[in-house]
Amino acid sequence: MEVSDYILVPPAAFLLALLLAWLFSRLTAGFRHADIEAEGKNLPYACGEDVSSQKAEPEYGAFFPFAIFFTLLHVAGLMIATWSGASGAGAALGGLIYLAVIGATLGILFLG
Amino acid sequence: MENKVIERVVTWARMKSPWIIHFNCGACNGCDIEVLDALTPRFDVERFGVMLKGTPRHADVLIACGPVTRQIEARLKRIYSQMAEPKFVVAVGACACSGGVFDGCYNVLGGVNSAIPVSAYIPGCPVRPEALIDGVVKLLSTLEKKEEPAPAVSKTV
């Protein structure tokens, strides 16, 4: 194995990048200006205003039935299109039963 | 010796790319429009490395227009405190320099220097972009000599 094979292993690459960042930080720390603490210095920038905090709770309840709807139809389409032994009345009956089950599931999803 | 070389390199880099943030402290918008005129293609100060930034944390120079109203004072001070060291303030326009025609109003504190230290004053009502460029050049030229610039005054062009 070559050296690059060892360096390109993700943990090794991460540690190398960390080391380089630390070295750069140490090299440049010597001539940076002293930080002056001030009120509001570490607050988010909002044109000098206070940012009003808002509690957000993502709600996927309305999206969920539509996601399941498209998933069911997608799977049903794949199932019908690739129905094994697709010949004869038995196969057609099996397909129809499958579609009926899908229809009942969708009914439960939206009406139940 | 080594530190001096590094400081010279840093100063050179700072002079070649003074990033600015523009803040209206209560101006009538006349000076703001002229600042934008200086930034946009007709005068195009970006060719000198001057770039308008959207946050004080990336800016070296605060371009302040208008008189400091009592309502804006705390906001101006917070923005100034959020800038990284070393930082410079340019008072743009007669109102920013001294309060202008608004000086003495019940809601006006005064010029920009009544709230934060100012590095350069550019008088004019409104300032012309040429004056703004002249003021920024004067401010930058003081950086070559020492770290903390004495207030530079640009003549009105």
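Scroll up for the structure.
Quick notes on the rules
- Residues numbered from 1 in each chain as written.
- Chains lettered and ligands numbered in written order.
- Predicted model: local features only at pLDDT ≥ 70, side-chain atom pairs only at ≥ 80, totals over all residues.
- Heavy atoms only, no water.
- Helix = DSSP H or I, 4+ residues; strand = E, 2+ residues; numbered from the N terminus.
- Buried < 20%, exposed > 50% of the residue type's maximum accessible area, 1.4 Å probe, protein only.
- Contact = heavy atoms within 4.5 Å.
- Areas by Shrake-Rupley, 256 points an atom, 1.4 Å probe, with all protein chains shown as cover.
- Buried area = accessible area lost by both parts, 1.4 Å probe.
- Salt bridge = Lys/Arg side-chain N within 4 Å of Asp/Glu carboxyl O.
- Polar contact = N/O pair within 3.5 Å; in protein donor to acceptor, adjacent residues only side chain to side chain.
- Nonpolar A, V, L, I, M, F, W, Y, C, P; charged D, E, K, R; others polar.
- Phe/Tyr/Trp six-rings, centres within 6.5 Å; stacked < 30°, edge-to-face > 60°.
- Lys NZ or Arg CZ within 6 Å of the ring centre and 35° of its normal.
- Core = buried A, V, L, I, M, F, W, Y, C linked by side-chain atoms within 4.5 Å.
- Patch = residues over 30% accessible without salt bridge, like charges linked within 9 Å, V, L, I, M, F, W, Y side chains within 5 Å.

K.L.:
Explain the overall build of chain B here, please?
P.N.:
Helix and strand counts for chain B come out as 5 helices and 8 strands. Counting the 157 residues in chain B, one finds 50% classified as buried. Excluding contacts between residues fewer than 6 apart, the proportion of contacts in chain B whose partners are at least 24 apart in sequence is 79%. When the accessible surface of chain B is summed, it comes to about 7800 Å², and 58% of that surface belongs to carbon and sulfur atoms.

K.L.:
Hey, could you run me through the interface of chain A and chain B in this one?
P.N.:
It is common to give the size of an interface as the accessible area lost on bringing the parts into contact. At the junction of the two partners, chain A supplies 16 residues and chain B supplies 17 residues. Interface area, chain A with chain B, both sides summed: about 1400 Å², of which 53% is carbon and sulfur. Among the residues of chain A in contact with chain B, Phe31, His33 and Tyr45 of chain A are the three that bury the most area, contributing 43% of the side total. For Arg75 of chain B, the salt bridge identified is with Glu49 of chain A, shortest N-O distance 2.9 Å. For the pair chain A and chain B, the number of links is 8 residue pairs in polar contact (both at pLDDT 80 or more). Its residues assigned to classes, the side of chain A that touches chain B comprises 8 nonpolar, 4 polar and 4 charged.

K.L.:
Explain the packing of aromatic side chains here, please?
P.N.:
What the rule picks out here adds up to 3 aromatic pairs over all chains. Where Phe66 of chain A meets Phe110 of chain A, the ring centres are 5.9 Å apart and the plane angle is 65°; that geometry is what we call edge-to-face. Here the residue Phe66 of chain A occupies a position in helix 3 (residues 63-81), and Phe110 of chain A occupies one in helix 4 (residues 88-110), the gap between them amounting to 44 residues. Between Phe69 of chain A and Phe110 of chain A the ring centres are 5.7 Å apart and the planes differ by 75°, which places this aromatic pair in the edge-to-face class. Within this pair, whereas Phe69 of chain A is found in helix 3, its partner Phe110 of chain A is found in helix 4, the two being separated by 41 residues in sequence. Looking at Phe110 of chain A, the relative accessible area reads 40%, which means it is partly exposed. Every member of this aromatic cluster is reached through a ring pair, and the members are Phe66, Phe69, Phe70 and Phe110 of chain A. Of note, Lys53 of chain B hangs over the ring of Trp19 of chain B, and the distance from its end group to the ring centre comes to 4.2 Å. Stacked on the ring of Tyr80 of chain B, the Lys or Arg Lys87 of chain B has its end atom at 4.3 Å from the ring centre.

K.L.:
I'm lost on the environment of Ala62 of chain A in this one. Help?
P.N.:
Residue and element names in this part refer to chain A. Relative to the assigned elements, Ala62 resides in the loop between helix 2 (10-29) and helix 3. By relative accessible area, Ala62 is classed as exposed at 61%. Separated by 48 residues in sequence, Ala62 and Phe110 place their C-alpha atoms 11 Å apart.

K.L.:
Before we go on, may I ask you to explain the nonpolar core in this structure?
P.N.:
Residues and elements named next belong to chain B. Within the largest apolar cluster, 25 residues are counted, with the highest numbers of intra-cluster contacts made by Val35, Val61, Ile63, Val90, Val92 and Ile122. In terms of residue count, helix 5 (residues 129-145) provides more of this core than any other element does, 7 residues in total. Other than its neighbours up to four places away in sequence, Val61 contacts Pro18, Trp19, Ile20, Ile21, Met83, Phe88, Val90 and Leu139.

K.L.:
Just checking my understanding: could you explain a nonpolar patch on the surface for this structure?
P.N.:
Residue and element names in this part refer to chain A. A surface patch of nonpolar side chains, about 810 Å² in accessible area, is lined by Val3, Ile7, Leu8, Leu16, Leu19, Leu20, Trp22 and Leu23. Elements that contribute at least two residues to the nonpolar patch include exactly helix 1 (3-7) and helix 2. Ranked by the residues each element gives to the nonpolar patch, the list is headed by helix 2, at 5 residues. Relative to the helices and strands, Leu20 is located in helix 2. On the accessibility criterion, Leu20 (53% relative accessible area) is exposed.

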